[in-house]
Amino acid sequence: MMDIGALRSEYKQGRLDRADLNPNPMAQFEQWFQQANTSQVIEVNAMQLATASSAGRPSLRTVLMKAFDQRGFVFYTNYNSQKAQEITANPQVSALFFWKELERQVEITGAVEKVNPSESLDYFLSRPRGSQLGAWVSQQSSTLVSRDVLEQKLAAMQQKFAQGAIPLPDFWGGFRIIPDTIEFWQGRPSRLHDRFEYRLDKHKNWDVARLSP
Ligand SMILES: Cc1cc2nc3c(=O)[nH]c(=O)nc-3n(C[C@H](O)[C@H](O)[C@H](O)COP(=O)(O)O)c2cc1C
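The model shown is predicted, which means the values in this text are computed figures rather than measured ones.

(A) Representation of the pairing of strand β5 (residues 104-114). By the bridge criterion, eight bridges tie strand β4 (residues 92-99) to β5 in an arrangement that is antiparallel. The residue bridging phenylalanine 97 from the neighbouring strand is valine 106, located in β5. Taking the residues between adjacent antiparallel strands as the criterion, β4 and β5 are bridged by four residues, where glutamate 103 takes a positive phi near 55°. As defined by bridge partners, β5 adjoins strand β6 (residues 172-186) across eleven bridges and the pair is classed as antiparallel. Across the sheet, threonine 109 pairs through a bridge with threonine 181, a residue of β6.

Rendered as structure tokens:
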């Protein structure tokens with residue numbers, strides 16, 4: 001068996017200084033996102049999304065961020081999925097981007113709101129037809145007896161929506177994470193990483209603190 005304990009690499013690519021930080025965390029995020037995108041990070045908009053049931057039991061999955069602006073971070077999903085049910089019971093979530101090629105991570109916490117249906121519709125209409133049908137076909141997170149059942153449902157939906165535009169399902173759309181903390185993490189040698197956390201204070205201003213690695 002390989003020695004997993006011996007797997008380690010030094011993080012030497014960059015550093016993060018307070019003087020480099022944009023006072024606005026969304027502007028800081030935009031800068032890092034663009035750098036990750038131009039650095040050919042694979043699935044640069046994939047984020048790990050943690051939700052928790054009202055009893056405090058966590059669950060985690062990957063989703064694709066499809067928009068961000070001063071309001072927050074948007075992803076799309078099935079409104080009856082496990083994640084959506086947990087969000088309905090407890091809107092507090094955490095999301096994480098790990099851009100390993102840049103030795104960076106960004107961790108977000110906040111509460112989630114549904115995006116308005118017209119925004120979901122705009123995005124839905126921009127998707128390939130196959131993905132639009134996929135949204136109609138899948139009762140996401142429910143158990144399936146077999147793959148065949150899914151394929152039969154797809155065939156039925158293909159017939160039903162053979163002509164014209166495919167409508168937005170009422171059980172599908174976006175959620176926006178409204179951030180209250182955003183942490184930027186840059187790997188450094190000897191595990192002495194740079195971490196800066198933006199936190200909304202009670203006047204809705206962003207405080208920035210350096211955190212211990
Ligand atoms: C790279 C990647 C991107 C994904 N993007 C999404 C997404 O944008 N929306 C979504 O609902 N599921 C997405 N998934 C699937 C989810 O990880 C998950 O399996 C699904 O949403 C059901 O999660 P839940 O049962 O916890 O609700 C993605 C999976 C991967 C690996």
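(B) Summary view of the site of the ligand. With respect to spatial proximity, 16 residues lie near the ligand, and among them Arg61, Thr77, Ser81, Lys83 and Ser141 are the closest. Secondary-structure elements contributing two or more residues to the shell around the ligand are β2 (58-69), β3 (72-78) and α2 (82-89). Considering every element that reaches the shell around the ligand, the biggest residue donor is β2, with five residues. Among the residues forming the shell around the ligand, the class breakdown is five nonpolar, eight polar and three charged.

(C) How the structure looks around the packing of helix α4 (residues 129-137) against helix α5 (residues 147-160). Where α4 contacts α5, the two axes come as close as 9 Å, and the packing angle between them is 115°. Handedness of the α4/α5 crossing: right-handed. In contact with Leu133, Trp136 and Val137 of α4, α5 contributes Leu150, Lys153, Leu154, Met157 and Gln158. For the contact of α4 with α5, a count of residues per class yields six nonpolar, one polar and one charged.

(D) Highlighting α5. With 14 residues, α5 should cover 20 Å at 1.5 Å per step; its first-to-last C-alpha distance of 20 Å lies within 8% of that length. For α5, the tally of buried residues reaches only zero of 14 residues, placing the bulk of the element at the surface.

(E) How the structure looks around the environment of asparagine 22. For asparagine 22, the position within the fold is in the segment before α1 (25-38). Using a count of 15 C-beta atoms within 10 Å as the deciding quantity, one classes asparagine 22 as partly exposed.

(F) Summary view of the nonpolar core. Core analysis: the largest hydrophobic core is formed by 29 residues, its most contacted members being Val93, Ala95, Val106, Ile108 and Ile177. For this core, the secondary structure elements donating two or more residues are β1 (46-52), β3, α2, β4, β5, β6 and β7 (194-200). Considering each element in turn, this core owes the most residues, six residues, to β6.

(G) Representation of α2 in the model. Among all positions of α2, only Lys83, Ala84, Glu86 and Ile87 are buried. Here the buried residues of α2 occupy an arc of 160° about the axis, which is enough to place them on one side. Looking at the buried side of α2, the elements it contacts are β1, β2, β3, β4, β5 and β6.

(H) Structural context of the pairing of β4. Along β4, the buried face is formed by Val93, Ala95, Phe97 and Trp99; none of Gln92, Ser94, Leu96 and Phe98, which line the opposite face, is buried. As paired strands, β1 and β4 are joined by three bridges and run antiparallel to one another. Within β4, the position partnered with leucine 49 by the bridge is alanine 95.

(I) Just unusual backbone geometry, in detail. Phi angles above zero are rare outside glycine, and serine 190 is one such case at about 55°. Position of serine 190 among the secondary structure elements: in the loop between β6 and β7. Notably, arginine 191 is not glycine yet its phi reads approximately 65°, a positive angle. Residue position: arginine 191 is located in the loop between β6 and β7.

Scoring rules and cut-offs
Residues numbered from 1 in each chain as written. Predicted model: local features only at pLDDT ≥ 70, side-chain atom pairs only at ≥ 80, totals over all residues. Pairing = 2+ DSSP bridges. Helix = DSSP H or I, 4+ residues; strand = E, 2+ residues; numbered from the N terminus. Near = placed C-beta within 6 Å. Nonpolar A, V, L, I, M, F, W, Y, C, P; charged D, E, K, R; others polar. Axes fitted to C-alpha atoms, helices over the stretch in contact; angles between N-to-C directions. Left-handed = near helix turned anticlockwise from the far one by under 90°. Contact = placed C-beta atoms within 7 Å. Expected span 1.5 Å × (residues − 1). Buried ≥ 20, exposed ≤ 12 C-beta atoms within 10 Å, placed from the backbone. Core = buried A, V, L, I, M, F, W, Y, C linked by C-beta atoms within 7 Å. Arc of directions from axis to C-beta.

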